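Understanding the architecture of this molecule
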Amino acid sequence: MRTARRLAAAGLLAATALTVLTGRAAADDTPSATPSATATPTAGEQGPPTEAGTNFLTATAIKQGEEATASASAGDYLYWVVPADTGQNITVKATVTFGSGSGAPAAHGASTWQLDVYDGLRRRQPCRYGAQTRTAAAGAATVELACTLRPVRAYADTWSNDPLRGAYYLRLTALKVTEADLGQPVRAAVKATSHGTAGRNAVDGSVAPVVSANGPDVAPGDGWAGTWWSPRWLWTGGGGLLAVFAALGAHRLARGPIRAQGRPRPQQPDEPYQPREPSRYPG
């Protein structure tokens, strides 16, 4: 009886194993969607933009740290937009390559190029340093421009022109081009980078990011930072502790050594003895 049960169990296990193996083989032989899924590119795999807008409303949105390129003609206005958050020092660099880029640069005369940066309110922001305007000599292959802005703020007075966090528009154009060079092919590359600030450049506030509702949708990859915290809190707290320690030290120096309460002052040998008055009890 036991032998029959064991044989039946062994047969059942063998049949189950055969069914599993057969199912796996059939699944391997059946075409699946895995190859097509792996071949489909995701949104994160898309490279930097390869075109630029022609005005503020059609500006191409780019991310910080990526290099956007565009093919254009001499005399065109090229626009990009990049997000900038509180406390960042934004540096924008642009390179203009003359010619189509496939071969030797086309012959051209001298031309002057300029890189302008506007905040979300479309106020032109001055550069702290960098060659914002440059003149390319006749026959030059490339011309490079750069602009470093003031630290981006989260709050500013209504009368000031301080850069506020939000969208920043980059405009690249030629200010002066000979008539013979108008319409000649050029290739532009733009890259915006940033680094944080601390100390006296730290800022805080409660102003929402300045992003136009009619413009491109721009935002940092990890979202906009909060506005209640800045390194100024650390500097303020440290300064307060130093002030307390300085006040305690000054008080100790001004008071002198502390004597125990109730202990008589040591009598000098040349002055007469003066008994202490008894303490008065209330009542």
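These notes cover the structure that comes with them. Computed from a predicted structure; not experimentally measured. (Residues numbered from 1 in each chain as written. Predicted model: local features only at pLDDT ≥ 70, side-chain atom pairs only at ≥ 80, totals over all residues. Heavy atoms only, no water.)

Time to look at the overall build of the chain. In terms of helices and strands, the chain carries three helices and nine strands. The helix and strand sequence of the chain, counted from the amino end, reads α-α-β-β-β-β-β-β-β-β-β-α. In the chain, which comprises 283 residues, the share counted as buried stands at 31%. Just so you have it, the chain exposes about 18800 Å², and 57% of that area is on carbon and sulfur atoms. (Helix = DSSP H or I, 4+ residues; strand = E, 2+ residues; numbered from the N terminus. Buried < 20%, exposed > 50% of the residue type's maximum accessible area, 1.4 Å probe, protein only. Areas by Shrake-Rupley, 256 points an atom, 1.4 Å probe, with all protein chains shown as cover.)

The next subject is the packing of aromatic side chains. Throughout the structure, instances matching the rule amount to four aromatic pairs. The interplanar angle of 85° and the centroid separation of 5.3 Å between the aromatic rings of Phe 56 and Tyr 118 together place this pair among those described as edge-to-face. In this pair, Phe 56 is assigned in the loop between α2 (34-39) and β1 (60-61) and Tyr 118 in strand β5 (residues 111-118), connecting sequence segments 62 residues apart. The pair formed by Phe 56 and Tyr 118 is uniform in burial state, with each residue classed as buried. (Phe/Tyr/Trp six-rings, centres within 6.5 Å; stacked < 30°, edge-to-face > 60°.)

Let us look at the side chain of Ser 111. Position of Ser 111 among the secondary structure elements: in strand β5. Within the structure, Ser 111 has its side chain in polar contact with the side chain of Trp 113 (distance 2.9 Å). With near-sequence residues (within four places) excluded, Ser 111 lies in contact with Phe 98, Arg 134, Thr 135, Ala 136, Lys 176 and Val 177. (Polar contact = N/O pair within 3.5 Å; in protein donor to acceptor, adjacent residues only side chain to side chain. Contact = heavy atoms within 4.5 Å.)

So, about the sheet that holds strand β3 (residues 78-84). For sheets, the rule is that strands pair by backbone hydrogen bonds, running either parallel or antiparallel. Spatial ordering of the open sheet is given by β1-β3-β8-β5-β6, a layout of five strands whose pairing is mixed. On the outer flanks of this sheet lie β1 and β6 (133-136), each paired with one strand and no other. As paired strands, β1 and β3 are joined by two bridges and run parallel to one another. When the sheet's bridge partners are listed, Thr 60 is paired in β3 with Trp 80. (Pairing = 2+ DSSP bridges.)

Our focus in this paragraph is the nonpolar core. With 33 residues, the main nonpolar core has Trp 80, Val 92, Trp 113, Leu 170 and Leu 172 as its most contacted residues. The leading source of residues in this core is strand β4 (residues 88-98), at five residues. Once residues within four sequence positions are removed from consideration, Leu 172 is found in contact with Asp 76, Tyr 77, Leu 78, Trp 80, Ala 94, Val 96, Gln 114, Leu 115, Leu 145 and Ala 188. Judged by nonpolar contacts, the second largest core, of eight residues, contains Phe 56, Ala 59, Ala 167 and Val 218. (Core = buried A, V, L, I, M, F, W, Y, C linked by side-chain atoms within 4.5 Å.)

Turning our attention to empty space enclosed by the protein. Applying the stated criterion across every chain yields a total of two cavities of 30 Å³ or more. The computed volume of the largest cavity comes to approximately 80 Å³. Forming the walls of the largest cavity are 13 residues, and the residues nearest its centre are Ala 74, Phe 98, His 108, Asp 181 and Gln 184. For the lining of the largest cavity, the elements supplying multiple residues, two or more each, are β5 and β9 (185-196). Classifying every residue of the lining of the largest cavity by side-chain character gives seven nonpolar, five polar and one charged. Counted as a void, the second largest cavity has a volume near 40 Å³. If you go around the second largest cavity, the residues you meet are Ala 72, Ser 73, Asp 76, Leu 78, Val 96, Trp 113, Leu 172, Thr 173, Val 186 and Ala 188. Elements with a contribution of two residues or more to the lining of the second largest cavity: β2 (67-73), β8 (166-176) and β9. A class-by-class count of the residues in the lining of the second largest cavity yields seven nonpolar, two polar and one charged. (1 Å grid on protein atoms, 1.4 Å probe; cavity = no way out; pocket = protein on both sides within 12 Å on 5 of 7 lines; lining within 4 Å. Points joined across faces, edges and corners; volume = space filled by probe spheres on them. Nonpolar A, V, L, I, M, F, W, Y, C, P; charged D, E, K, R; others polar.)

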